[in-house]
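One letter stands for each residue in the lines below.
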Amino acid sequence: MTAAPIRYVEPVYRPPSEADSLILPVTDGCSWNRCTFCEMYTAPQKRFRPRDEEEVLESVQRCGEQFGAGVKRVFLADGDAMTLSTRRLANILEAIRRELPGVRRVSSYCLPRNLRKKSVTELRELAELGISLVYVGAESGDDQVLALVNKGETFETTREALAKLQEAGIKRSVMILNGLGGQALSRQHALNSAALMNAAQPEYLATLVVSFPKGEARLRESFPSWAPLSVIQLMQEMELFVSELELKRTVFRSDHASNWLVLKGTLGLDKSRLLRELRAAIAAPQAAPLRPAWARGL
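Here the structure is a predicted model, which means the values were calculated and not measured.

A. Up close: the overall build of the chain. Within the chain, the secondary structure is distributed over nine helices and 10 strands. For the chain, the C-alpha radius of gyration of 19 Å lies close to 19 Å, the compact-globule estimate for 298 residues. Its C-alpha atoms give the chain principal-axis dimensions of about 55 × 40 × 35 Å. For the chain, with 298 residues in total, the buried portion stands at 50%. Partitioning the contacts of the chain with sequence separation of at least 6, the portion at a separation of at least 24 is 81%. Total accessible area on the chain is roughly 13,600 Å²; 52% of this is exposed by carbon and sulfur atoms. Taking the average location of the 40 positive side-chain charges in the chain and that of its 35 negative ones, the two points are 2 Å from each other.

B. Quick peek at helix H8 (residues 231-244). Taking 1.5 Å per residue as the helical rise, H8 with its 14 residues ought to reach 20 Å, and the 20 Å between its terminal C-alpha atoms agrees with that figure. Burial in H8 covers these residues: Leu 234, Met 235, Glu 237, Met 238, Leu 240, Phe 241 and Val 242. Each element contacted by the buried residues of H8 is listed here: strand S7 (171-178), helix H6 (186-200), strand S8 (204-209), strand S9 (250-254), strand S10 (263-267) and helix H9 (271-283).

C. Inspection of the sheet that holds strand S5 (residues 105-109) at higher detail. Spatial strand order, S1-S4-S5-S6-S7-S8-S9-S10: eight strands in an open sheet with mixed pairing. Of all strands in the sheet, those bounded by a partner on one side alone are strand S1 (22-25) and S10. Between one strand and the next, the sheet's axes are offset by a mean angle of 20°, whatever the strand orientation. Direction of pairing for S5 relative to strand S6 (residues 131-139): parallel, over a ladder of four bridges.

D. How the structure looks around the environment of Pro 224. Position of Pro 224 relative to the elements: it lies in the loop between helix H7 (217-222) and H8. You can call Pro 224 exposed: its relative accessible area is 60%. Residues Pro 224 and Leu 148, spaced 76 residues apart in sequence, show a C-alpha to C-alpha distance of 9.0 Å.

E. Main features of the environment of Asn 91. One can find Asn 91 in helix H2 (residues 86-99). Relative accessible area serves as the criterion here: at 26%, Asn 91 is assigned to the partly exposed category. As a C-alpha pair, Asn 91 and Trp 32 span 59 residues in sequence and 24 Å in three-dimensional space. With sequence-adjacent residues up to four places away left out, Asn 91 is seen in contact with Glu 53 and Leu 57. Polar side-chain contacts of Asn 91 include one of 2.8 Å to the side chain of Glu 53.

Here is what the cut-offs are and how they apply
- Residues numbered from 1 in each chain as written.
- Predicted model: local features only at pLDDT ≥ 70, side-chain atom pairs only at ≥ 80, totals over all residues.
- Heavy atoms only, no water.
- Helix = DSSP H or I, 4+ residues; strand = E, 2+ residues; numbered from the N terminus.
- Rg over C-alpha atoms; globule rule 2.2 N^0.38 Å.
- Buried < 20%, exposed > 50% of the residue type's maximum accessible area, 1.4 Å probe, protein only.
- Contact = heavy atoms within 4.5 Å.
- Areas by Shrake-Rupley, 256 points an atom, 1.4 Å probe, with all protein chains shown as cover.
- Lys, Arg positive; Asp, Glu negative; His and termini not counted.
- Charge placed at Lys NZ, Arg CZ, Asp CG, Glu CD.
- Expected span 1.5 Å × (residues − 1).
- Pairing = 2+ DSSP bridges.
- Axes fitted to C-alpha atoms, helices over the stretch in contact; angles between N-to-C directions.
- Polar contact = N/O pair within 3.5 Å; in protein donor to acceptor, adjacent residues only side chain to side chain.

Structure (structure tokens):
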């Protein structure tokens, strides 16, 4: 039996659009890992550490030997590959180009904070070597919400990171968490998240519903007054968010397993249609194509 070319530390996460990608861990865990809404990297074995560079390069070499030009996409895991130095990332990207000649896209998660020490010139170098898309969990554009969930970012730090990526020619897929502000801060969460997206004009925008499969205790340590939104309230928040968006050409998806109502379109082309679908579901939820709770995969 051929040995697996890559050592994985479970659980392994990747964006839904990376389902067909080779998942290449270059770090374990998340370098911040303090967001109280996120459970992805809280297991002891997911404690943050950069992978040994030689191990990563050997994994790429073994993948090349096993898969050759059959690999078309690579996703650099875990939580934030962009925390690595430009030099180390460049070495990994050069190895991917050399050993996996069929790769057409390299992507990763990206915390805004990990771009503060990277210049636009460095990011352009990484783009030229193959990184063409990063997934940025903005979560909210509201500073009060961000502080209460211990995100470690603000409207401005996220906007600056997204602008830097745009200038470097790296596409951005931004995630906003529907319901993150709870009932009390729902309106300002929606309005300021839309304002952030309007300022950034990302190539891709996705919304997920905040959820806590392991319970809400961790969130409530920093946000004790948080109260979840009902399904109707979640859709009302989405209606406000979408109504405030002024995007020129952004692919929009609200189809993650956590979403009750699936929405897809291009903004601003499909804004009116998306609002019609939302308003119809709010007015008559019993007739709307809502996901049943068992199908939300949480």
